[in-house]
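Each chain, written out:
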Amino acid sequence: MRGRQRVQDMVLSLAVIGVLVGAIYFFIPHDDSAGAEKNAVQTVDYRVEITTARRAAPYPVAGPEGLPTTWRATSVSYKASDDGKGGAWHLGMLDPEQEYAAIEQSDAPAKKFIQDVTLGAAKVDGEQAVGSKKWDRYQGDKYKALVHEEPGVTTVVTGTAPYGRLAELAAALVAKKG
């Protein structure tokens, strides 16, 4: 009978452990809703970085003004060029539908800069009117983009968001020099 007691004890031990695991799962809060995914992305405050970039950049740095609070900034950076005469501005955001959109600006050669920030998107037919400016459309495997080139600076609004959302972000851009 000794071998039988061991199997019975093991089954009872497993049952007790199973009840404990079930109780822990039931009483520990967890959220599997869509709102949990939304809150998983960290929001950043970009006010200090945009002020610093506007002081450092040789071009007027564009930042959004007047966007609804449903747009959330998720990443921000300004990287000065190696020669100290220019740099690249980046502000990544999530739109109200949780699609990615980013503002990218640089005084680097436009063709290479556009390829880098759009992950290889190619220019397509048609332009997007945003206010009084015309923006070129780009389409890639991963990102869409709106591109506006001016003397001394290229501005790219890119991401997984649809063109309408990218245009909404582009329309909110205000370029300032600090």
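The structure this text deals with has already been given above.
These lines cover the structure that appears in this document, whether it is placed above or below. Note that the structure is predicted; figures quoted are calculated from it, not measured.

**Topic: a nonpolar patch on the surface**
On the surface, Met 10, Leu 14, Ile 17 and Val 21 cluster together into a nonpolar patch covering about 420 Å² of accessible area. Counting through the fold element by element, Leu 14 comes out in helix H1 (residues 2–27). The exposure class of Leu 14 is exposed, given its relative accessible area of 56%.

**Focus on the packing of aromatic side chains**
Per the stated rule, a full pass over the model turns up 1 aromatic pair. Arg 137 extends its terminal NZ or CZ atom over the ring of Tyr 163, reaching a point 4.2 Å from the ring centre.

**Considering the side chain of Thr 154**
Here Thr 154 shows up in strand S8 (residues 153–159). Relative accessible area serves as the criterion here: at 4%, Thr 154 is assigned to the buried category. With residues up to four places along the chain from it excluded, the contact list for Thr 154 reads Glu 104, Gln 105, Ser 106, Ala 110, Phe 113, Ile 114, Val 147, His 148 and Glu 149.

**Looking at helix H5 (residues 163–171)**
Residues of H5 that are buried include every one of Tyr 163, Leu 166, Ala 167, Leu 169 and Ala 170, and no others. Burial along H5 is one-sided: seen end-on, the buried residues are contained in an arc of 160 degrees.

**A few points about helix H3 (residues 47–56)**
Where H3 is concerned, the buried positions are Ile 50, Ala 53 and Arg 54. The buried residues of H3 occupy one face: seen down the axis, they fall within an arc of 100 degrees. Opposite the buried face of H3, at more than 90 degrees from it, the exposed residues are Val 48 and Arg 55. Against strand S1 (61–64), strand S2 (72–80), strand S3 (87–94) and strand S9 (173–176) lie the buried residues of H3.

**Section: the sheet that holds S2**
Spatial ordering of the open sheet is given by S2-S3-S4-S8-S7-S6-S5, a layout of 7 strands whose pairing is antiparallel. Bordering the open sheet on either side are S2 and strand S5 (122–130), each of which pairs with just one other strand. This sheet shows a mean twist of 20 degrees between the axes of neighbouring strands, independent of strand direction. The pairing of strand S4 (residues 100–106) with S8 spans 6 bridges and is antiparallel. Paired with Ile 103 across the bridge in S8 is Val 157. Lying over the sheet, H5 contacts S3, S4, S5, strand S6 (133–139), strand S7 (144–150) and S8, oriented at roughly 35 degrees with respect to S7.

**Quick look at unusual backbone geometry**
The backbone phi angle of Gln 98 is positive, close to 65 degrees, even though this residue is not glycine. Here Gln 98 shows up in the loop between S3 and S4. When its relative accessible area of 27% is taken as the criterion, Gln 98 is described as partly exposed. Located in the positive-phi region is Leu 119, a residue other than glycine, with phi close to 55 degrees.

**A closer look at the pattern of salt bridges**
Within the structure shown, the criterion is met by 7 salt bridges. The salt bridge partner of Asp 45 is Arg 47, with a shortest N-O separation of 2.6 Å. Between Arg 165 and Asp 95 there is a salt bridge, with its nearest N and O atoms 3.9 Å apart. Of this pair, Arg 165 sits in helix H5 while Asp 95 is found in the loop between S3 and S4, placing the two residues 70 residues apart along the sequence. On the basis of relative accessibility, which here comes to 0%, the residue Asp 95 falls in the buried class.

About the thresholds
- Residues numbered from 1 in each chain as written.
- Predicted model: local features only at pLDDT ≥ 70, side-chain atom pairs only at ≥ 80, totals over all residues.
- Heavy atoms only, no water.
- Patch = residues over 30% accessible without salt bridge, like charges linked within 9 Å, V, L, I, M, F, W, Y side chains within 5 Å.
- Areas by Shrake-Rupley, 256 points an atom, 1.4 Å probe, with all protein chains shown as cover.
- Salt bridge = Lys/Arg side-chain N within 4 Å of Asp/Glu carboxyl O.
- Helix = DSSP H or I, 4+ residues; strand = E, 2+ residues; numbered from the N terminus.
- Buried < 20%, exposed > 50% of the residue type's maximum accessible area, 1.4 Å probe, protein only.
- Phe/Tyr/Trp six-rings, centres within 6.5 Å; stacked < 30°, edge-to-face > 60°.
- Lys NZ or Arg CZ within 6 Å of the ring centre and 35° of its normal.
- Contact = heavy atoms within 4.5 Å.
- Arc of directions from axis to C-beta.
- Pairing = 2+ DSSP bridges.
- Axes fitted to C-alpha atoms, helices over the stretch in contact; angles between N-to-C directions.

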